[in-house]
Amino acid sequence: MNIVITGATSGIGKQLALDYQQEGHTVWAIGRNQKQLDELAQHGIRTGQVDLLSRDQTLAWFNNLERVDLAILSAGSCEYIDMPDFDSNLVSRVMRINVETMAHSIEALLPLLRKSDAPHLAGIGSSAAYVHLPRAEAYGSSKAAVAYLIDTLRISLEPENIAVSLVCPGFVETPLTDLNDFPMPSLISVEAASNCIRKGLAKKSREIHFPKRFTMLLKLLGILPRPLWVKLAQRLRKT
Ligand SMILES: NC(=O)c1ccc[n+]([C@@H]2O[C@H](COP(=O)([O-])OP(=O)(O)OC[C@H]3O[C@@H](n4cnc5c(N)ncnc54)[C@H](OP(=O)(O)O)[C@@H]3O)[C@@H](O)[C@H]2O)c1
């Protein structure tokens, strides 16, 4: 397969790039960090230095490719809101990196996916979007937007037989979560996350979420009557 992975210079995207390369696929790793891209190139991975926040740069770079069978959109970031400060710049930053970069990538990649016999588009969301979590006003909103975007694309692209998957990880050990200053239940390694994602994508699963012991709990909390969850979350915040 010809596979494009955004956010491939670090964390989940990087592990996916290494593993798919190991499996014998042709992999294009996209990111901004040239040192990391050079390291990936040493493994035989093709690389592209692209700032996905720039629509022009993204469209121009992908215009050089011929065909893509699987696109995995993993570029993203996470920042939390700390009351009493509500920083709208932080909200804009997170929305831009998590949602806008994905939209630019989708626009650039759809024409290339349409040239494949079995096209498959996967977006990395988050299980944080299953339930409203304290401090996650910006991150949770951005991942709820990603889930809506990807789930709606699945409807719109069905007539063209383009498979669409939403990936919703729990906590995965990466440079992104290394910054977290709170306990992370059911934290898993990036290797385990890559295994779950690759297995789910091989089955063309619509939603890939893991580790189940954590994501099922969040899903359950997400279907509680909203006032009940709000009360519970308010209590949790105080502990
Ligand atoms: N780790 C977790 O526990 C977890 C849980 C749920 C969801 N997720 C989601 O999984 C995805 C990957 O997370 P991670 O933990 O692997 O994070 P990470 O290690 O911080 O990697 C983030 C990646 O995004 C890329 N990126 C950010 N802004 C970019 C831009 N403007 N243009 C191009 N690339 C850009 C970075 O590349 P450069 O720095 O080279 O630009 C980097 O490769 C994210 O969408 C995250 O929200 C992670």
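Structure first, text after, so check above.
Residues numbered from 1 in each chain as written. Predicted model: local features only at pLDDT ≥ 70, side-chain atom pairs only at ≥ 80, totals over all residues. Heavy atoms only, no water.

Section: the overall build of the chain
Counting its secondary structure elements, the chain contains nine helices and seven strands. The globule rule puts the C-alpha radius of gyration for 239 residues at 18 Å, and the 18 Å found for the chain is close to it. Based on the C-alpha atoms only, the size of the chain along its principal axes is roughly 55 × 40 × 30 Å. Per-residue burial over the chain gives 48% buried out of 239 residues. Of the contacts formed within the chain by residues at least 6 apart in sequence, a portion of 65% connects residues at least 24 apart. Of the side chains in the chain, 26 bear a positive and 24 a negative charge, and the two mean positions are spaced by 7 Å. (Helix = DSSP H or I, 4+ residues; strand = E, 2+ residues; numbered from the N terminus. Rg over C-alpha atoms; globule rule 2.2 N^0.38 Å. Buried < 20%, exposed > 50% of the residue type's maximum accessible area, 1.4 Å probe, protein only. Contact = heavy atoms within 4.5 Å. Lys, Arg positive; Asp, Glu negative; His and termini not counted. Charge placed at Lys NZ, Arg CZ, Asp CG, Glu CD.)

Regarding the pairing of strand β5 (residues 120-124)
Of all the five residues making up β5, five are buried; the element is thus mostly covered by neighbouring parts of the structure. Burial along β5 is two-sided: H120, A122 and I124 and L121 and G123, pointing in opposite directions, are all buried. Where strand β4 (residues 70-73) and β5 come together, four bridges link them in parallel fashion. Note that in β5 the partner of A71 across the bridge is L121. Handedness of the crossover joining β4 and β5 through helix α4 (residues 88-113) is recorded here as right-handed. With helix α5 (residues 137-157) bridging β5 and its parallel neighbour strand β6 (residues 163-169), the resulting β-α-β unit is right-handed. (Pairing = 2+ DSSP bridges. Right-handed = clockwise from strand over helix to strand, strands pointing away.)

Regarding helix α1 (residues 11-22)
Note that an α-helix has 3.6 residues per turn; residues three or four places apart therefore point the same way. With 12 residues, α1 should cover 16 Å at 1.5 Å per step; its first-to-last C-alpha distance of 17 Å lies within 8% of that length. Counting buried residues in α1 gives nine out of 12 residues, a clear majority hidden from the surface. Once α1 ends, the next one or two residues include G24, with phi positive near 100 degrees. (Expected span 1.5 Å × (residues − 1).)

Points about the side chain of Q36
Inspection of the secondary structure puts Q36 in helix α2 (residues 34-41). Relative accessible area serves as the criterion here: at 19%, Q36 is assigned to the buried category. Sequence-distant contacts of Q36, defined by excluding residues within four places in its chain, comprise T9 and K14.

Things to note about the pattern of salt bridges
Inspection of the entire model under this criterion finds 12 salt bridges. For R93, the salt bridge goes to E79, with nearest N and O atoms at 2.7 Å. In this pair, R93 sits in helix α4 while E79 sits in the loop between β4 and α4, placing the two residues 14 residues apart along the sequence. On the basis of relative accessible area, E79 is assigned to the partly exposed category, the value being 23%. Ionic contacts of the salt-bridge type, sharing partners, join the residues D19, E23 and R198 into one network. (Salt bridge = Lys/Arg side-chain N within 4 Å of Asp/Glu carboxyl O.)

Description of a positive patch on the surface
Side chains of K231, R235, R237 and K238 sit close together on the surface and give a patch of like positive charge. Along the chain, R235 falls in helix α9 (residues 226-238). (Patch = residues over 30% accessible without salt bridge, like charges linked within 9 Å, V, L, I, M, F, W, Y side chains within 5 Å. Areas by Shrake-Rupley, 256 points an atom, 1.4 Å probe, with all protein chains shown as cover.)

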